[in-house]
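Close look at the chain arrangement
Residues per chain are reported as follows:
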Amino acid sequence: MEKGNVSAQPSPIVMKATSKLSSRGQVVIPAEIRKTLCLAKGDDLTFIVNEDGEIKVEVTKKYRLSQLIGILKTNQPFRPVEEIRDEVYRTMGAKELKDGEEN
């Protein structure tokens with residue numbers, strides 16, 4: 001009896017597309033694959049080759065900071081950047097004045 005190996009089981013094909021390798025070793029990912037995976041410029045692709053020569057590609061999405069606003073939940077109300085900046089300047093100014101008095 002053969003050992004149960006998940007990676008040895010063929011995975012169902014959801015989509016298949018073909019591309020050619022260029023003379024510079026570059027591959028164009030077909031549009032239907034890019035759309036399905038929501039790939040965009042700057043995303044990282046990691047290629048993993050198993051012992052059987054099969055290749056797995058993992059996608060690491062790159063997000064702009066503006067796309068991440070609201071992703072973390074907090075009980076704190078939103079504070080405008082200008083308010084935070086003013087608070088930092090006041091704190092830094094007070095620290096500099098205090099440091100000057102100590103000398």
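Summarised in this report is the structure supplied together with it. For clarity, every value in this text was computed on a predicted model and none was experimentally measured.

At Cys 38, a position not held by glycine, the phi torsion is positive, near 55°. Note that Cys 38 resides in the loop between helix H1 (31–37) and strand E1 (44–49). The class of Cys 38 is exposed, set by a relative accessible area of 54%.

In this structure, Val 28 sits in the segment before H1. Since its relative accessible area comes to 58%, Val 28 is described here as exposed. Counting along the chain gives ten residues from Val 28 to Thr 18, while the straight-line C-alpha distance between them is 9.3 Å. Beyond its immediate sequence surroundings of up to four residues, Val 28 is in contact with Ser 19 and Arg 34.

To continue, consider the side chain of Asp 43. Position of Asp 43 among the secondary structure elements: in the loop between H1 and E1. Reaching out from Asp 43, the side chain makes a polar contact with the backbone nitrogen of Ala 40 at a distance of 2.7 Å. There is a polar contact of 2.7 Å between the side chain of Asp 43 and the side chain of Lys 61. Ignoring any residue separated from it by four or fewer positions in sequence, one finds Asp 43 in contact with Cys 38, Thr 60, Lys 61 and Lys 62.

This brings us to a nonpolar patch on the surface. A cluster of nonpolar side chains, contributed by Leu 37, Phe 47, Val 49, Ile 55, Val 57 and Val 59, occupies part of the molecular surface with about 570 Å² of accessible area. Secondary-structure elements contributing two or more residues to the nonpolar patch are E1 and strand E2 (55–60). Broken down by element, the residue count for the nonpolar patch peaks at three residues, all from E2. The partly exposed category is assigned to Leu 37, whose relative accessible area is 44%.

The next thing to look at is the pattern of salt bridges. In total, this model carries five salt bridges according to the counting rule given. The salt bridge partner of Arg 79 is Glu 87, with a shortest N-O separation of 2.3 Å. Overall, the relative accessible area of 32% leaves Arg 79 in the partly exposed class. Residue Glu 87 is classed as partly exposed on the basis of its relative accessible area of 34%. The closest approach of N and O atoms between Lys 95 and Asp 99, which form a salt bridge, is 3.1 Å. With Lys 95 and Asp 99 both in helix H2 (residues 81–102), this residue pair falls four residues apart, about one helical turn. One connected set of salt bridges, linked through shared partners, spans Arg 79, Glu 83 and Glu 87.

Definitions and cut-offs
Residues numbered from 1 in each chain as written. Predicted model: local features only at pLDDT ≥ 70, side-chain atom pairs only at ≥ 80, totals over all residues. Heavy atoms only, no water. Helix = DSSP H or I, 4+ residues; strand = E, 2+ residues; numbered from the N terminus. Buried < 20%, exposed > 50% of the residue type's maximum accessible area, 1.4 Å probe, protein only. Contact = heavy atoms within 4.5 Å. Polar contact = N/O pair within 3.5 Å; in protein donor to acceptor, adjacent residues only side chain to side chain. Patch = residues over 30% accessible without salt bridge, like charges linked within 9 Å, V, L, I, M, F, W, Y side chains within 5 Å. Areas by Shrake-Rupley, 256 points an atom, 1.4 Å probe, with all protein chains shown as cover. Salt bridge = Lys/Arg side-chain N within 4 Å of Asp/Glu carboxyl O.

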